[in-house]
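Residue-level listing of the chains:
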Amino acid sequence: MIWCSGWELASAVSNAGGLGLIGSGSMYPDILKQHIQKCKSATDKPFGVNIPLLYPQTDEHINIILEKGVKIVFTSAGNPKKYTSYLKENGIIVVHVVANVKFAKKCEEAGVDAIVAEGFEAGGHNGFEETTTMCLIPQVKEAISLPLIAAGGIGSGRAMLAAFSLGAEGVQIGSRFAASIESSAHNNFKNLIVDVKDGDTKLVMKKVVPVRLIKNKFYQQVREAEDKGYTVEELKDLLGRGRAKRGMFEGNLDDGELEIGQVSAGIYKIKSAEEIITDILAEYQMVKDELLNMSL
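Residues numbered from 1 in each chain as written. Predicted model: local features only at pLDDT ≥ 70, side-chain atom pairs only at ≥ 80, totals over all residues. Heavy atoms only, no water.

Asks: Explain the pattern of salt bridges to me, please; I cannot follow it from the model alone.
Replies: A side chain with one charge may pair with a side chain of the opposite charge, provided their charged atoms come close. Counted under the stated rule, the structure contains 8 salt bridges. One salt bridge connects Glu-67 with Lys-33, and the closest N-O pair in it is separated by 3.9 Å. Of this pair, Glu-67 sits in helix α3 (residues 58-68) while Lys-33 is found in helix α2 (residues 29-42), placing the two residues 34 residues apart along the sequence. By relative accessible area, which is 28% here, Lys-33 ends up partly exposed. Through salt bridges with shared partners, one network takes in Lys-33, Glu-67 and Lys-68. (Salt bridge = Lys/Arg side-chain N within 4 Å of Asp/Glu carboxyl O. Helix = DSSP H or I, 4+ residues; strand = E, 2+ residues; numbered from the N terminus. Buried < 20%, exposed > 50% of the residue type's maximum accessible area, 1.4 Å probe, protein only.)

Here it is in structure tokens:
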């Protein structure tokens, strides 16, 4: 949720009954500090911070989280063993995001409190295995005893109910909130999400780190480079710096990196975080009741 989930979205989600997360991967340490302070002012409900462990200033982010008293941290894109014990010793609940069974087991060994299993339908950076959420959740559920949160392709009450039926105890939703009123993404990007159809997102950059993008001029450049057999270094040069900011935050729909999940094809309107959560819970209950009545 880089460039999409700042204090405004995180606090709105928490105030509406979810667990809002500040996406720290696009923030310098001083910016993260400001977002945590503003989030605390905007909600008295629990919220957390997501930290991609490959981020070069992770240590500084963790120090800020401890200083500001944040009690929930979601880690991703790295080895959970590196920080889990330290965070837990400081009274922080730790959840780690994985894309396969192997790393789910490593998370359990590392002592995390819960696991997010994310299928490759998800937007942004993905696992190399390209395992779908429907296949991944029951496999991870079978392998671990920790609470399991499903992610990837979930943006509705029906999808949430399906995730629960597969063994998840919770869901993590990104793309649906990227197109919310409180999202810090540029309006150009939000409006494009609403226009996305099935097949308009693809997984690329598999030689570097797989990432799901909306097809645009930059995406086409990446595909052509991959077809020509560009090396990892050549692909990194093509990616450059600030590509995601250019697309999602600044609204450059041609040359920017536009990260969003496949579920975007089912997003038809930009709504508030509260409306999104209300809609999801209402649909979840409606479908659950329908299935219960069918079984009677």
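Asks: Quick question: what am I supposed to make of the packing of aromatic side chains here?
Replies: Aromatic ring pairs are described here by two measures, namely the spacing of the ring centres and the angle between the planes. In this structure the tally under the stated criterion is 2 aromatic pairs. Here the aromatic rings of Trp-3 and Phe-249 are separated by 5.1 Å at their centres, their planes lie at 40°, and the arrangement is tilted. Placement of Trp-3 in the segment before α1 (7-15) and of Phe-249 in helix α12 (residues 243-249) is noted, with a sequence separation of 246 residues between them. The exposure class of Phe-249 is partly exposed, given its relative accessible area of 36%. Aromatic side chains Phe-164 and Tyr-284 sit 5.7 Å apart centroid to centroid with 80° between the ring planes, which places their arrangement in the edge-to-face category. With a gap of 120 residues between them, Phe-164 in helix α7 (residues 157-165) and Tyr-284 in helix α13 (residues 273-295) connect regions that are remote in the sequence. Take Phe-164: its relative accessible area is 27%, and that puts it in the partly exposed class. Classification of Tyr-284 by relative accessible area gives buried; the value is 15%. One Lys or Arg, Lys-102, reaches over the ring of Phe-103 and ends 5.7 Å from the middle of that ring. Sitting above the plane of the Phe-120 ring, Arg-212 keeps its charged end 5.0 Å from the centroid. (Phe/Tyr/Trp six-rings, centres within 6.5 Å; stacked < 30°, edge-to-face > 60°. Lys NZ or Arg CZ within 6 Å of the ring centre and 35° of its normal.)

Asks: What should I look at first to understand the sheet that holds strand β8 (residues 170-172) in this one?
Replies: Within a sheet, neighbouring strands are paired by backbone hydrogen bonds and run either parallel or antiparallel to one another. Sheet architecture is open: 7 strands sit in the order β1-β2-β3-β4-β5-β7-β8, paired in parallel fashion. Two strands lie at the open edges of the sheet, namely β1 (20-23) and β8, each paired on one side alone. Neighbour-to-neighbour, the strand axes of the sheet open up by a mean angle of 30°, direction not taken into account. One ladder, built from 3 bridges, connects strand β7 (residues 148-151) with β8; its direction is parallel. Within β8, the position partnered with Ala-150 by the bridge is Val-171. Against the sheet, α2 contacts β1 and β2 (47-52), and its axis sits at roughly 160° relative to β2. (Pairing = 2+ DSSP bridges. Axes fitted to C-alpha atoms, helices over the stretch in contact; angles between N-to-C directions. Contact = heavy atoms within 4.5 Å.)

Asks: Would you mind going over the pairing of strand β4 (residues 93-98) with me for this structure?
Replies: Two faces belong to every sheet, and in a regular strand the side chains alternate between them. Judged by how many residues are buried, β4 sits mostly within the fold: 5 of 6 residues are covered. Pairing of strand β3 (residues 72-76) with β4 involves 4 bridges; the strand directions are parallel. When the bridges of β4 are listed, Thr-75 appears paired with His-96. Bridge count for β4 against strand β5 (residues 114-118) is 4 bridges, and the pairing is parallel. Of the residues in β5, the one forming a bridge with Val-98 is Ala-117. After leaving β4, the chain enters helix α5 (residues 101-110) and then returns to the sheet as β5, a path that is right-handed. (Right-handed = clockwise from strand over helix to strand, strands pointing away.)

Asks: Would you take a moment to explain the state of the cysteines for this structure?
Replies: Covalently bonding the sulfur atom of one cysteine to the sulfur atom of another cysteine gives a disulfide. This structure, assessed with the given rule, holds 0 disulfides. Here Cys-4 is not disulfide-linked; the sulfur of Cys-39 is the nearest cysteine sulfur, at 16 Å. Classification of Cys-4 by relative accessible area gives buried; the value is 2%. Considering cysteine sulfurs only, Cys-107 is the nearest to Cys-135, which forms no disulfide, with 20 Å between them. (Disulfide = S-S within 2.5 Å.)

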